[in-house]
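One letter stands for each residue in the lines below.
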Amino acid sequence: MRAWPKDGIAFGGDYNPEQWPRSVWDDDMRLMREAGVTFVTLGVFSWSWLEPTKGEYTFEWLDEAMDLLHANGIAVDLATATATPPPWLTSAYPEILPVDHDGHTLWPGSRQSWCPSSRLYRELALSLTDRLAARYHDHPALAMWHVSNEYACHNLPCYCDTCAIAFRAWLEQRYADLDTLNDAWGTAFWSQRYTAWEDILPPRRTTTFANPTQVLDYHRFGSDTLLGFYREEYEVIRRHSSQVPITTNFMTLSNFRLLDYHDWAPLQDVVSTDHYIVDSLEHPRAELSFHGDLTRGLAGGRPWILMEHSTSAVNWQPVNPAKAPGQTVLDSLTHVAHGADALGFFQWRQSRSGSEKFHSALVPHAGEDSDRFREVCELGAISARLGELLGSTVEAEVAVLWDYEALWAMSGPCMPSSAIDYATAPHTFHRILRERGITCDVVHPSADLSRYRVVIVPTLYVVSDENASAIASAAESGAHVVVTYFSGISDLDDHVRLGGYPGAFRDLLGVRVEEFFPLRPGEVVPLSGGGTGSQWSEDARAVDAEVLSTYAAGPLQGRPALTRRAVGEGTASYLGTLPDDATLGSVLDEVIALAAVTPAAQTPPGVEVVRRSSSEGSWLFVLNHTTQEHEVTVTGHDLLTGRDVGPTHRLAGLCAAVVREA
Ligand code: GAL
């Protein structure tokens, strides 16, 4: 075994040599050296190549690949290969196949076709993991273990009978008896009262809306079930390999919502994740930055590994645009700015066949004589030059709360509006603050909030009593708390808190809401003092709060839309609607001023700044996401160009500077 690369930002990606004739491998090594690759993830989807028939193992090719990588100085993040079973396995054991909402079996032929609750699948996967760990635990190329791949991707939720049995066992653990479950699920409604555990089913397709708490619990159950599987794989590896770090790659991009990564993160030796640009988003690069701050929050503020992203186009959107020249480097550096200490890509060499043949890679179809490969080599060289900032952290004075349970509950059936998405408010606040050079941590509501000057509580629909009171205490002790509409509405069973919304935050905010008036898609409501609100409005009364703005028209004319209340040493602001960017910007400017939070640097619009620092110094990332040249005020040594810069520095469009500050 060897240490994870520490000379620079680790640079590499998924390597699938089994897709290529042996003759290509030597060329791979030559090009990897040329590109500055320092690690690869090996064997993610290799089960059918490692165990071509039951009990027949063919590790020789992997031995050779590992040896070759070692000879070329490349560290290996070795996968357990258990993300996708081979065809013989699903033919022999069709009972492991997952079943969809409608009861249809999802057949093999793609990937990840296995039921998350299947004991049989686990045993077969654990047996392969055991063999791999026994064989490679002391291989000199081994630097990390990569368990499965993006757990939950494609096979959660599964609604099969095996899951039904496992769900009942999970519910018995949670509720102990049926009376407690009946109460939590509110089964007095619609004649749903259970008198035997065996009557409980997964929330399969039914006549109309399913029980919302049952649906919420099914999310919790799915996440816990796969986490149980991860733990088992982890323990099998640990029996053979006591030192090498173990991780599984998360999908913290905001359109993947199936696992509660706040439960998963503490079980990672190092947090790793994948990120892809979703072209349909209105602000894809702001989402990239949000993703980095969320991942850093999961990593407890420590650096994390970007296991996969793409050099250019992906293959899974209706239209897959390529990245502009410079964008590969800029996107990667944005991840590093937000705390990534490793840059991995899917995948090393672009496939010739299969579903991902049109997904970009480090080596494109065009080969080494291509602008993309030249940019890859440039990024490899840059990664090597950034070694001095490894281990440095990003300090933030603002927290944006993010909670998968609130997300699941809010996405449940029969809500006041299915047109509001959980991510909209957190993303919008984060984006507006990012535009001001203010760095945020994205953290769970149970995080230590005493570290923050500002705490943003966006659409925290479900909240526990403890977390609600920790938020109130943060304000008492001097934080400036900003709560949005549709927060603090329900408890963890998704029972509405009575007496006027938002039950959990009514006293903190000094606001009492009698009724929701959600807005239709595209509908806006004018606000007094200018600006508009969208998404939501509500019939609020300021019981003990200053009214900053009211609705200027419509059924709520004159009712408070934005309020603030002094609380202990801090304040608690409330937004009953989502103001337009300019109005929200002014609200946040006021909050930032009250909190005396300062930006990492002053920059023109579209130029993002983030500071990483350690006892060794500080590095300012200046990321020009626009296509125009901009002048920024920054002094120090730019690690990208190797030149001193300042006090002003001209940065071309889609270019970055990483400035070691004096
Ligand atoms: C990831 C997956 C990779 C590859 C990539 C394509 O979700 O882990 O194997 O499929 O997406 O974007």
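Everything quoted here is computed from the prediction, not taken from an experiment.

Cut-offs used in this document
Residues numbered from 1 in each chain as written. Predicted model: local features only at pLDDT ≥ 70, side-chain atom pairs only at ≥ 80, totals over all residues. Heavy atoms only, no water. Buried < 20%, exposed > 50% of the residue type's maximum accessible area, 1.4 Å probe, protein only. Helix = DSSP H or I, 4+ residues; strand = E, 2+ residues; numbered from the N terminus. Pairing = 2+ DSSP bridges. Near = heavy atom within 4 Å. Polar contact = N/O pair within 3.5 Å; in protein donor to acceptor, adjacent residues only side chain to side chain. Areas by Shrake-Rupley, 256 points an atom, 1.4 Å probe, with all protein chains shown as cover. Axes fitted to C-alpha atoms, helices over the stretch in contact; angles between N-to-C directions. Contact = heavy atoms within 4.5 Å. Domains from an automatic or database assignment. Buried area = accessible area lost by both parts, 1.4 Å probe. Salt bridge = Lys/Arg side-chain N within 4 Å of Asp/Glu carboxyl O. Nonpolar A, V, L, I, M, F, W, Y, C, P; charged D, E, K, R; others polar.

## Notes on the pairing of strand β25 (residues 630-633)
Okay, so step 1: Burial of the side chains of β25 is restricted to one face: His 630 and Val 632 are buried, whereas none of Glu 631 and Thr 633 on the reverse face is.
Okay, so step 2: In this structure, β25 lies alongside strand β28 (residues 648-651), joined through four bridges in antiparallel fashion. When the sheet's bridge partners are listed, Glu 631 is paired in β28 with Arg 650.

## Re the site of the ligand
Okay, so step 1: Taken together, Phe 45, Arg 111, Asn 149, Glu 150, Tyr 276, Glu 308, Trp 316, Phe 346, Glu 356 and His 359 make up the full set of residues adjacent to the ligand.
Okay, so step 2: One of the side-chain nitrogen or oxygen atoms of Arg 111 is found 3.0 Å away from an oxygen atom of the ligand.
Okay, so step 3: Separating an oxygen atom of the ligand from a side-chain N or O atom of Asn 149 is a distance of 2.9 Å.
Okay, so step 4: About the coverage of the ligand: the protein hides 97% of its 310 Å² of free accessible area.

## Some points on the sheet that holds strand β21 (residues 570-575)
Okay, so step 1: Overall, mixed pairing links the seven strands, which are arranged β12-β11-β13-β14-β21-β20-β19 in an open sheet. Two strands lie at the open edges of the sheet, namely β12 (440-443) and β19 (546-550), each paired on one side alone. Pairwise comparison of adjacent strand axes, ignoring direction, gives a mean angle of 15° for this sheet.
Okay, so step 2: On top of the sheet, helix α15 (residues 465-476) reaches β11 (398-401), β13 (454-457), β14 (480-484), β20 (560-567) and β21; it is set at about 125° to β21, its chief contact.
Okay, so step 3: Its contacts with the sheet place helix α17 (residues 581-595) against β13, β14, β20 and β21, and it is angled at close to 5° to β20.

## Observations concerning the domain arrangement of the chain
Okay, so step 1: If you check the domain split of the chain, you get domain 1 (10-159 + 202-394), domain 2 (398-595) and domain 3 (607-661).
Okay, so step 2: If you average the C-alpha positions of domain 1 and of domain 2, the two centres end up 35 Å apart.
Okay, so step 3: Each partner contributes residues to the interface: domain 1 has 28 residues there, and domain 2 has 25 residues.
Okay, so step 4: In this assembly, domain 1 packs against domain 2 so that about 2,500 Å² is buried in total across both faces, 63% of it on carbon and sulfur atoms.
Okay, so step 5: Of all residues in domain 1, Arg 257, His 262 and Phe 290 bury the most surface against domain 2, accounting for 28% of the area lost on that side.
Okay, so step 6: Taken together, domain 1 and domain 2 are joined by three salt bridges.
Okay, so step 7: Between Asp 421 and Arg 257 there is a salt bridge, with its nearest N and O atoms 2.9 Å apart.
Okay, so step 8: Remark: the boundary between domain 1 and domain 2 carries 12 residue pairs in polar contact (both at pLDDT 80 or more).
Okay, so step 9: When contributions to the side of domain 1 that touches domain 2 are tallied by element, the ones reaching two or more residues are α8 (212-240), α9 (261-264) and α10 (284-298).
Okay, so step 10: With nine residues, α10 is the largest single contributor of residues to the side of domain 1 that touches domain 2.
Okay, so step 11: In the side of domain 1 that touches domain 2, the residues fall into 12 nonpolar, nine polar and seven charged.

## Some thoughts on the sheet that holds strand β17 (residues 532-534)
Okay, so step 1: What the three strands build is an open sheet, ordered β16-β17-β22; its pairing is antiparallel. On the outer flanks of this sheet lie β16 (524-526) and β22 (578-579), each paired with one strand and no other.
Okay, so step 2: Note: β17 against β22, two bridges, orientation antiparallel. From the neighbouring strand, Gly 533 faces β22, where its bridge partner is Pro 579.

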